[in-house]
Amino acid sequence: MPNPNYTHLQTPLRHTQPSSSSSTSRLLLLLTFLPLTLASLAFVLQWRGGITDPATRWSPPGSYQFPGMEASPLSPISRHSTPSASDCLNLGRSVSPSFPYYQDWKFDRGSNLKPKICITTSTSAGLEQILPWMFYHKVIGVSTFLLFVEGKAASPDVARVLESIHGVRLIFRTKELEEQQAKSRIWNETWLSGFFYKPCNYELFVKQSLNMEMAIIMARDAGMDWIIHLDTDELVHPAGAQEYSLRQLLLDVPGNVDMVIFPNYESSVERDDIKEPFTEVSMFKKNFDHLPKDTYFGMYKESTRGNPNYFLTYGNGKSAARVQDHLRPNGAHRWHNYMKTPNEIKLEEAAVLHYTYAKFSDLTSRRDRCGCKPTKDDVKRCFMLEFDRAAFIVASTATQEEMRNWYQEHVVWGDKDIKIKLLKKGILTRINAPMVIIQGLRESGIFDSVIASASATQSKDKFLSSITSSNSSKAVASQSLPSRRLGRSKNYQATARKALKIDANKWHEYAVPPQSPPGIETTKQL
């Protein structure tokens, strides 16, 4: 006979066992499918771009974009490229691991990025100089280039390539343009008149000022926030910014600042066979403004090595100006305003790198541009700075061997002991960023691709016929130059992120010419 207590105990066990097994199965099933579901969701989100993989913030070479590489919306790539246009789509494809910032590079994004920066120049250089200069500044954040071209730069082959690049506008020096500029406001004012009707550098200085006046209007119409005048042998070095970016540097400038002065550094070549200064020169002499005064004057003799001045050429830097009402040039190195004294600041770290006399051929190129007599009296009519005068006389009177010896003595840093001493003192410095960027651009094939693309998209006959109509339209546009109304007022804002040294500004009666740095005689005055 069954035990009632035992039967009672067995009954619940028979009923609870299936229930426990079912719960265990559900739990195992949940633990199995939950990770799979989460993994699938993460895959879908990442595929659609809904999340950012943290690894990409510190991604390996080939996937990180260098500061300032944001593209511009006006590029012909974005407007005309097709899936078959492999040359355009692969302009920035990197072929070298030495500078891995060009994979899938497009210059045509980020049209809403602020501030918008414009560079204007007057040049007769060829593509071998203009393209590295231009694309370097594109990398650091410049979006628009206003090129006043003549000589080689205005030749059909060169101009066709330049006009094919997004954000580039060419203004050819024609008779119509000169007639319009002769009616401009600054031509009929006294502050520039001291440079009129003189040859060589004086003529160039006036031409640059007239071109800058026209560029202000063009920059305003293009919606630019800042305008900078640079020569094609000068590169902006945006040191001191959070990133190596001119855009970031100017974004940090307080909103009440009208003009930013970049002290210039001068190239110091170490060989007499330099072919491409931008990628072969990395040593520069610092500006007076960026050195302790006791160091500058204490090492002045070693720095000049018998030359007339601390720098071979100018030492008063270049400047960037906010595009605003009543803005005008004040010579090639500064800007001014008809209605107020501009509020200026001078940057403590950023500079303009000037590659002056970096090639031996620079001696003869200056000689070939000027028709002055090679005498001490006559060269004063042509050149403002003493070293330019001495170089012109040597290039005009010496043999090739004598010129080479003079160049090695006065330009090339052959004395290693003095060079090492000045490097330790900080007067000389190594700056490699421009060299790395431009070498990376060259290795990426972008220069060759731009040239090939321009050749493929426009026939020579079509290009030649377009020059006449292009110049006519630009000459008509320049009729607005004498106008006293320079456009609508705008509100500009910027965030101040660093302390900058502010210089007192004075009203300039005359245009600011290229000036030598302080000489040793200044020591007594200080």
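Residues numbered from 1 in each chain as written. Predicted model: local features only at pLDDT ≥ 70, side-chain atom pairs only at ≥ 80, totals over all residues. Heavy atoms only, no water.

Moving on: the pairing of strand β6 (residues 259-262). Every second residue of β6 is oriented toward a common face, with M259 and I261 on one face and V260 and F262 on the other, all of them buried. By the bridge criterion, four bridges tie β6 to strand β9 (residues 318-322) in an arrangement that is antiparallel. The residue of β9 that forms the bridge with V260 is A320. Relative to strand β12 (residues 344-346), β6 runs parallel, the two sharing three bridges. By the bridge assignment for β12, V260 is matched with I345. (Buried < 20%, exposed > 50% of the residue type's maximum accessible area, 1.4 Å probe, protein only. Helix = DSSP H or I, 4+ residues; strand = E, 2+ residues; numbered from the N terminus. Pairing = 2+ DSSP bridges.)

Along the polypeptide, N330 turns up in the loop between β10 (327-329) and β11 (335-337). Relative accessible area serves as the criterion here: at 0%, N330 is assigned to the buried category. A distance of 3.2 Å separates polar atoms of two side chains, one belonging to N330 and the other to R328. (Polar contact = N/O pair within 3.5 Å; in protein donor to acceptor, adjacent residues only side chain to side chain.)

Turning to the layout of surface pockets, a few remarks are in order. Here the largest pocket is characterised by a volume of approximately 1500 Å³. Forming the walls of the largest pocket are 48 residues, and the residues nearest its centre are Q129, T232, D233, R366 and R369. Those elements giving two or more residues to the lining of the largest pocket turn out to be β1 (117-123), α4 (127-139), α7 (201-221), α9 (277-280) and α12 (362-369). For the lining of the largest pocket, the leading source of residues is α7, giving six residues. (1 Å grid on protein atoms, 1.4 Å probe; cavity = no way out; pocket = protein on both sides within 12 Å on 5 of 7 lines; lining within 4 Å. Points joined across faces, edges and corners; volume = space filled by probe spheres on them.)

To continue, consider the packing of aromatic side chains. In this description, an aromatic ring pair is defined by two values, namely the gap between the centres and the angle between the planes. Counting across every chain of the model gives 20 aromatic pairs. With a centroid separation of 4.7 Å and 80 degrees between ring planes, the pair formed by F288 and Y296 is classed as edge-to-face. Using a relative accessible area of 0% as the deciding quantity, one classes Y296 as buried. When the centroid spacing of 5.1 Å and the interplanar angle of 80 degrees are considered together, the rings of Y357 and F387 count as edge-to-face. With Y357 in the loop between β13 (351-354) and α12 and F387 in helix α14 (residues 386-397), the pair connects residues that are 30 residues apart, well separated along the chain. On the basis of relative accessibility, which here comes to 2%, the residue F387 falls in the buried class. One aromatic cluster in this structure is built from F288, Y296, F297, Y300, Y310 and F311. Over the aromatic face of Y338 sits the side chain of R185, whose NZ or CZ is 3.5 Å from the ring centroid. (Phe/Tyr/Trp six-rings, centres within 6.5 Å; stacked < 30°, edge-to-face > 60°. Lys NZ or Arg CZ within 6 Å of the ring centre and 35° of its normal.)

Quick look at the environment of S319 now. One can find S319 in strand β9. S319 sits in the buried class, given a relative accessible area of 2%. Not counting residues within four places of it along the chain, the set of residues in contact with S319 comprises I227, I228, H229, M259, V260, I261, F262, H333, R334 and W335. In terms of polar contacts, S319 uses its side chain to reach the backbone carbonyl oxygen of H333, at 3.0 Å. (Contact = heavy atoms within 4.5 Å.)

As a further point, take helix α17 (residues 433-444). With 12 residues, α17 extends 16 Å between its outermost C-alpha atoms, agreeing within 8% with the 16 Å of an ideal straight helix rising 1.5 Å per residue. Inspection of α17 places P434, M435, I437, I438, G440, L441 and S444 among the buried residues, and these make up the whole buried set. A positive phi of about 85 degrees marks G445, the residue just after α17. (Expected span 1.5 Å × (residues − 1).)

This next bit is on the pairing of β13. Note on strand geometry: in a regular strand, side chains alternate between the two faces of the sheet. Residues of β13 alternate between two faces, with A351 and L353 on one and V352 and H354 on the opposite face, all of them buried. In this structure, strand β5 (residues 234-237) lies alongside β13, joined through four bridges in antiparallel fashion. Counted as the bridge partner of E234 is H354 from β13.

It is worth spelling out the sheet that holds strand β4 (residues 226-229) at this point. Strand-to-strand pairing in sheets goes through backbone hydrogen bonds, with the strands running parallel or antiparallel. The strand order across the open sheet formed by seven strands is β3-β2-β1-β4-β9-β6-β12, and the pairing between neighbours is mixed. A single partner strand is all that each edge strand has here, and the edge strands are β3 (168-172) and β12. Here the strands of the sheet are splayed against their neighbours by 20 degrees on average, with no regard to which way each runs. With three bridges joining them, β4 and β9 adopt antiparallel strand pairing. Looking at the pairing, I227 lines up with A321 of β9. The strands touched by α4 are β1, β2 (144-149) and β3; relative to β2, the strand with the most contacts, the crossing angle is about 155 degrees. Strands in contact with helix α5 (residues 156-163) are β2 and β3; relative to β3, the strand with the most contacts, it is inclined by about 145 degrees. (Axes fitted to C-alpha atoms, helices over the stretch in contact; angles between N-to-C directions.)

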